[in-house]
Amino acid sequence: MALSFAKDIRPLFRDSPDVDTMKDYGMDLSSYPDVKAQAQNIYDRVLDGSMPCDEPWPKERIALFKQWMEEGLAP
Ligand code: HEM
C-alpha cells in the first residue's frame, strides 16, 4: 500500500516548532493540500538541511518523504 499523508507524513512534522512556526510563513504543514502543493519545495529544504531550522532530518526520513512524492502524494 502506498504511503499516505495522514498515516506516514503528517507525523513527521512536530506541532511545535514545525507546524506553528511555518504557519507564520504561509505554509501549514498539518494541511494535506498545503504540503501537497509545496512538496518539492519542502523536499528541497529538508534535503539541503536548512529546514527544520533546529536540526536536520535523518536520511531515512528524507527518503520516506521522497517515496511519498514518487508514489503520487496520497492523502
Ligand atoms: C520539517 C519542518 C519544516 C519544514 C518542512 C519547513 C519548510 C520550509 C520551507 C519550504 C520554507 C521556504 C518557504 C518558501 O519557499 O516560501 C521555509 C522557510 C522558513 N522556515 Fe521552515 N520548515 C520547517 C520547520 C521550521 C522550523 C522548526 C523553523 C524555526 C523555528 C522554521 C523557520 C523558517 C523560516 C524563518 C523561514 C523563512 C526563511 C527561509 O526561507 O529560510 N522552519 N521552511
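For the structure itself, consult the block above.
> What is the right way to look at unusual backbone geometry in this model?
Most of the time, phi is negative for any residue but glycine, and the peptide bond is trans. The omega angle of the peptide bond from serine 16 to proline 17 is 10°, so this bond is cis rather than trans. Mapped onto the elements, proline 17 comes out in helix α2 (residues 15–23). With omega at -5°, the peptide bond leading from methionine 51 into proline 52 counts as cis. One can find proline 52 in the loop between α4 (39–48) and α5 (59–70).

> When you look at the coordination of the iron atom of the ligand in this model, what are you seeing that I'm missing?
Note on metal sites: the ideal angle is 109.5 degrees for four tetrahedral donors, and 90 or 180 degrees for six octahedral donors. Taken together, the protein donors to the iron atom of the ligand comprise Met22 (SD) and Met51 (SD), at separations of 2.2 to 2.3 Å. Classification of methionine 51 as partly exposed rests on a relative accessible area of 26%.

> Explain the site of the ligand here, please?
Met22, Asn41, Arg45, Met51 and Cys53 are the nearest of the 15 residues found near the ligand. Between the ligand and asparagine 41 there is a distance of 2.9 Å, counted from an oxygen atom to a side-chain nitrogen or oxygen. Sorting the residues of the shell around the ligand by element identifies α2 and α4 as the ones contributing at least two each. The element that contributes the greatest number of residues to the shell around the ligand is α2, accounting for four residues. Broken down by class, the residue content of the shell around the ligand amounts to 11 nonpolar, two polar and two charged.

Each value, and the rule that gives it
Residues numbered from 1 in each chain as written. Predicted model: local features only at pLDDT ≥ 70, side-chain atom pairs only at ≥ 80, totals over all residues. Heavy atoms only, no water. Helix = DSSP H or I, 4+ residues; strand = E, 2+ residues; numbered from the N terminus. Donors = N, O, S within 2.8 Å, 3.2 Å for Na, K, Ca; no water. Buried < 20%, exposed > 50% of the residue type's maximum accessible area, 1.4 Å probe, protein only. Near = heavy atom within 4 Å. Polar contact = N/O pair within 3.5 Å; in protein donor to acceptor, adjacent residues only side chain to side chain. Nonpolar A, V, L, I, M, F, W, Y, C, P; charged D, E, K, R; others polar.

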